[in-house]
Amino acid sequence: PSLLRRARLELVFGADVSAEADLWWSPLVQARSADSFIFLPEVAAVLRDRLAKDHERLDCAYAAVSESHRSAPSMQRLEEELTWLALSHTRRGEQLTSLLRKTIAALADPGRARDVAAWAVHALPRLPEAARVLEPSWLLAIGASAVLGGQRVLSGSPPAAVLDDFPALHLGEVAV
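Everything in this summary refers to the structure shown in the same document. (Residues numbered from 1 in each chain as written. Predicted model: local features only at pLDDT ≥ 70, side-chain atom pairs only at ≥ 80, totals over all residues. Heavy atoms only, no water.)

### Describing the overall build of the chain
Regarding its fold elements, the chain presents ten helices and two strands. Written out in order from the N terminus, the α and β elements of the chain read α-α-β-β-α-α-α-α-α-α-α-α. Scored against the burial criterion, the 176 residues of the chain give a buried share of 36%. If you take every contact in the chain between residues at least 6 apart in sequence, the share linking residues at least 24 apart comes to 51%. By element, 56% of the accessible surface of the chain is carried by carbon and sulfur atoms, the whole surface being about 10,200 Å². Between the averaged position of the 19 positive side-chain charges in the chain and that of its 22 negative side-chain charges there is a distance of 3 Å. (Helix = DSSP H or I, 4+ residues; strand = E, 2+ residues; numbered from the N terminus. Buried < 20%, exposed > 50% of the residue type's maximum accessible area, 1.4 Å probe, protein only. Contact = heavy atoms within 4.5 Å. Areas by Shrake-Rupley, 256 points an atom, 1.4 Å probe, with all protein chains shown as cover. Lys, Arg positive; Asp, Glu negative; His and termini not counted. Charge placed at Lys NZ, Arg CZ, Asp CG, Glu CD.)

### Focus on the pairing of strand β1 (residues 29-32)
A regular strand places its side chains on the two faces of the sheet in alternate fashion. As paired strands, β1 and strand β2 (residues 37-39) are joined by three bridges and run antiparallel to one another. Bridge assignment links V29 to a residue of β2, and that residue is F39. Here β1 folds back onto β2 in antiparallel fashion, the turn holding four residues. (Pairing = 2+ DSSP bridges.)

### Focus: the side chain of H69
For H69, the position within the fold is in the loop between α4 (55-68) and α5 (74-87). Apart from the residues lying within four places of it in its own chain, the contact partners of H69 are L3, Q76, R77 and E80.

### Overview of the nonpolar core
Core analysis: the largest hydrophobic core is formed by 34 residues, its most contacted members being L82, L96, W119, L124, L140 and V153. Mapped onto this core, the elements with two or more residues apiece are α4, α5, α6 (89-106), α7 (113-126) and α9 (135-147). With residues up to four places along the chain from it excluded, the contact list for L82 reads L96, L99, L100, W119 and L127. (Core = buried A, V, L, I, M, F, W, Y, C linked by side-chain atoms within 4.5 Å.)

### So, the environment of L127
Its location among the elements puts L127 in the loop between α7 and α8 (129-132). Residue classification places L127 among the buried residues on the basis of a relative accessible area of 1%. Residues L127 and E79, 48 residues apart in the sequence, show an inter-C-alpha distance of 7.6 Å. In this structure, L127 is in contact with R48, E79, L82, T83 and R132, ignoring residues within four places of it in sequence.

### Notes on the packing of aromatic side chains
Applying the stated criterion across every chain yields a total of three aromatic pairs. Aromatic side chains W24 and F37 sit 5.2 Å apart centroid to centroid with 75 degrees between the ring planes, which places their arrangement in the edge-to-face category. Residue W24 is located in helix α2 (residues 18-24), and its partner F37 is located in strand β2; the two are separated by 13 residues in the primary sequence. Accessibility assignment for this pair places W24 and F37 in one class, buried. Ring centres of F37 and F39 lie 5.1 Å apart, and the angle between their planes is 90 degrees; this geometry places the pair in the edge-to-face category. (Phe/Tyr/Trp six-rings, centres within 6.5 Å; stacked < 30°, edge-to-face > 60°.)

Shown next, in the form of structure tokens:
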């Protein structure tokens, strides 16, 4: 609720407090609890696309999210940062790739691999397309699939460069 309030005040000029309740209970929401809600995936995609076109508002929205969620679990904050970087990929593409590669490296840590892989199963498909099509995203998906015994992470086919990195990869054994 506090993030919704901040977003209304800082990003939606002229909206009154009733807009928060209208959104909270709208059919645009897939799930809600007492302290959060999740947009329908197709609604989130449209809103992200609109936000990506306005760099200043995008950065302001990310600042609000990161400040509101500074105590959130690290994997939630990672997904939010990856989303922001993907939406601003024309300005921050190298940062996005670097952060994805650090996440791939975390799969090599036996104490973290299962948690990172479980996170990847849910987070990678929710990321903006600009992130999902990147080679490091597919490498993370393949690594997560291997850790989780072949569970599918991303749909579609990986870029040819990814398959070149894994010449012995049998897609029937490791679902990407």
